[in-house]
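# Examining the three-dimensional arrangement
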Amino acid sequence: MVKEVHPMEMNRRSVLGIVGAATTVAAIGLPVGIANATPEDAMAKVREFAGGKEPQTGGKLTLNTPEIAENGNSVPVGVSVDSAMEGDDMVEEIMILADGNPNPDVVTFKFTELSGEAVAETRMRLAKTQDVVAVAKMANGDVHMAKAPVKVTIGGCGG
Amino acid sequence: MASKPRVKLPKSASAGEVITVKTLISHEMESGQRKDKNGEVIPRQIINKFTVTFNEKPVFEADIEPAISSNPYFEFSVKVPESGTFHFKWEDDDGSVYETEEAIEVA
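Residues numbered from 1 in each chain as written. Chains lettered and ligands numbered in written order. Predicted model: local features only at pLDDT ≥ 70, side-chain atom pairs only at ≥ 80, totals over all residues. Heavy atoms only, no water.

### Some thoughts on the overall build of chain B
Our working definition: Runs of E in the DSSP output that reach at least two residues are strands. Runs of H or I that reach at least four are helices, and both are numbered from the N terminus. The cut-offs for exposure are 20% and 50% of the maximum accessible area for each residue type, with area from a 1.4 Å probe on protein chains only; residues under the lower value are buried, those over the upper are exposed, and the others partly exposed. Contacts between residues were defined by any pair of non-hydrogen atoms, one from each residue, lying within 4.5 Å.
When you go through chain B residue by residue, the secondary structure sums to zero helices and eight strands. The helix and strand sequence of chain B, counted from the amino end, reads β-β-β-β-β-β-β-β. The buried share of chain B, reckoned over its 107 residues, is 42%. Within chain B, contacts between residues at least 6 apart in sequence are counted, and of these 59% link residues at least 24 apart.

Put into structure tokens, the structure is as follows:
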């Protein structure tokens with residue numbers, strides 16, 4: 001005989017589930033009272049970096065991030081630009097932003113002719129699921145942009 | 001506090017070859033976003049700048065924000081024109097500077 005699940009039992013379980021989830025969030029230690037950045041904050045940073053140029057999204061800049069990051073405390077991020085690294089076709093800077101972190105700034109890489117290739121990799125913190133944005137500035141003033149969503153399972157809340 | 005930085009790059013290369021350099025330094029990278037058990041904000045203390053030169057010419061630089069993970073890791077490329085010495089420098093919020101050097105032989 002199939003045991004019937006009492007509606008009250010179901011209810012108690014879902015309540016416990018919710019309480020459990022809330023406790024987990026508290027235990028991770030999200031910074032209380034510190035608002036996260038918004039995509040608009042990140043775009044304002046992009047505009048400032050671009051200095052009036054319209055960022056191109058044609059794929060010259062590649063942004064490598066995992067689709068899913070289990071641990072937001074250490075998320076690998078790589079950037080590369082298809083560039084000769086000399087004359088006008090030279091990458092001067094690449095800025096990385098995370099539009100849902102308490103502060104969208106992550107890192108800015110500066111390249112030189114000795115770089116040979118415009119590639120760099122590091123590890124960053126992501127407080128929650130969000131978009132990672134990379135913008136590259138060329139010697140001729142052109143600006144290239146790439147964006148990638150990263151799903152974060154456990155947030156790296158600044159720690 | 002940071003401990004001795006680690007750098008990985010080939011011992012030799014041919015002239016004009018593009019090599020990959022990997023660097024790591026042990027550092028808490030305290031973001032300034034966390035609170036201790038009394039609810040006090042733990043002050044920010046991070047490595048805020050990483051600079052690489054080759055034979056005293058600039059190669060690569062990173063302006064670092066608190067969103068970089070603890071034990072900051074950087075990987076980048078260098079086109080090596082000649083034999084010489086790489087100089088790596090990490091700058092801490094507290095004013096400390098951590099440095100190391102690595103030589104490469106170009107045949």
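### Thoughts on the pattern of salt bridges
To be explicit about the condition: Salt bridges are defined as contacts in which a side-chain nitrogen from Lys or Arg sits within 4 Å of a carboxyl oxygen from Asp or Glu.
What the rule picks out here adds up to 11 salt bridges over all chains. Notably, a salt bridge pairs Lys110(A) with Asp63(B), separated by 2.8 Å at the nearest N-O pair. Taken together, the residues Lys110(A) in strand β5 (residues 105-111) and Asp63(B) in strand β5 (residues 57-64) connect one chain to another. Residue classification places Lys110(A) among the partly exposed positions, given a relative accessible area of 26%. We classify Asp63(B) as partly exposed; its relative accessible area is 21%. Within this structure, Lys110(A), Lys49(B), Glu61(B) and Asp63(B) form a network of salt bridges that share partners.

### Section: the sheet that holds strand β2 (residues 12-13) of chain B
Note the cut-off: Between any two strands, pairing holds if DSSP finds at least two bridges. In this analysis an axis means a line fitted to C-alpha atoms, helices contributing only their contacting stretch, and an angle means the value between N-to-C directions, from 0 to 180 degrees.
The strand order across the open sheet built from 10 strands is β2(A)-β8(A)-β7(A)-β4(A)-β5(A)-β5(B)-β4(B)-β7(B)-β8(B)-β2(B), with neighbouring strands paired in mixed fashion. Strand pairing shows two members of the sheet lacking a second neighbour, β2 (68-71) of chain A together with β2 of chain B, which therefore form its edges. The pairing of strand β4 (residues 47-54) of chain B with strand β7 (residues 84-92) of chain B spans seven bridges and is classified as antiparallel. Counterpart to Thr53(B) in the pairing with β7(B) is His87(B). Against the sheet, helix α2 (residues 39-50) of chain A touches β4 (91-98), β5, β7 (130-138) and β8 (143-154) of chain A, its axis set at about 170 degrees to β4(A).

### What to know about the sheet that holds strand β1 (residues 6-8) of chain B
If you walk across this open sheet you meet the six strands as β1(A)-β3(A)-β6(A)-β6(B)-β3(B)-β1(B), and the pairing is antiparallel. Every interior strand has two partners, whereas the edge strands, β1 (61-64) of chain A together with β1 of chain B, have only one. Ignoring which end each strand starts from, the neighbouring axes of this sheet average 15 degrees apart. Of the strand pairs in this sheet, strand β3 (residues 17-24) of chain B and strand β6 (residues 73-80) of chain B are connected by eight bridges, and their pairing is antiparallel. Directly across from Thr23(B), in β6(B), lies its bridge partner Phe74(B).

### Concerning the packing of aromatic side chains
Stated precisely, the cut-off is as follows: Side-chain rings of Phe, Tyr and Trp, where Trp is taken by its six-membered ring, are said to pair if the distance between their centres is within 6.5 Å; with planes under 30 degrees apart they count as stacked, over 60 as edge-to-face, and otherwise as tilted. Distance and angle both matter: a charge sits over a ring if NZ of Lys or CZ of Arg is within 6 Å of the ring centre and within 35 degrees of the ring normal.
The final tally for this structure, using the stated rule, is 11 aromatic pairs over all chains. For the pair Phe54(B) and Phe86(B), a centre-to-centre distance of 4.6 Å together with 45 degrees between the ring planes defines the contact as tilted. With Phe54(B) in strand β4 and Phe86(B) in strand β7, this pair connects stretches of sequence that are 32 residues apart. When sorted by exposure, Phe54(B) lands in the same class as Phe86(B), which is buried. Through successive ring pairs, a cluster of aromatic residues spans Phe109(A), Phe111(A), Phe50(B), Phe54(B), Phe60(B), Phe74(B), Phe76(B), Phe86(B), Phe88(B) and Trp90(B). One Lys or Arg, Arg123(A), reaches over the ring of Tyr73(B) and ends 4.3 Å from the middle of that ring. It is Lys137(A) that lies over the ring of Phe49(A); its NZ or CZ is 4.6 Å from the centre.

### Focus: unusual backbone geometry
At Met85(A), a residue that is not glycine, the phi angle is positive and equals roughly 60 degrees. The topology assignment puts Met85(A) in the loop between β3 (75-81) and β4. Even without a glycine there, the phi angle at Glu56(B) is positive, about 70 degrees. Structurally, Glu56(B) can be placed in the loop between β4 and β5.

### Observations regarding the side chain of Thr23(B)
Residues and elements named next belong to chain B. For Thr23, the location among the structural elements is in strand β3. According to the relative accessible area criterion, Thr23 is buried, its value standing at 1%. Setting aside its immediate chain neighbours within four residues, Thr23 contacts Arg6, Val7, Phe50, Pro72, Tyr73, Phe74, Phe76, Phe88 and Trp90.

### Things to note about the interface of chain A and chain B
The line we're drawing: Accessible area that two parts lose when put together, with a 1.4 Å probe and added across both, is what the buried area reports. Three residue categories are used. Nonpolar comprises Ala, Val, Leu, Ile, Met, Phe, Trp, Tyr, Cys and Pro, charged comprises Asp, Glu, Lys and Arg, and polar comprises the others, including Gly.
The interface is formed by 30 residues belonging to chain A together with 31 residues belonging to chain B. Interface area for chain A against chain B, summed over the two sides, is near 2500 Å², with a carbon-plus-sulfur share of 51%. For the chain A face of the interface with chain B, the top three residues by lost area are Lys110(A), Leu114(A) and Arg125(A), together amounting to 27%. Across the pair Lys110(A) and Glu61(B) runs a salt bridge whose closest N-O atoms are separated by 3.8 Å. Among the elements of the structure, β5 and β6 (118-124) of chain A are those that each provide at least two residues to the side of chain A that touches chain B. For the side of chain A that touches chain B, the element with the most residues is β5(A), which contributes seven residues. Classifying every residue of the side of chain A that touches chain B gives 14 nonpolar, 10 polar and six charged.

Function cannot be inferred from these measures alone, as they are strictly geometric.
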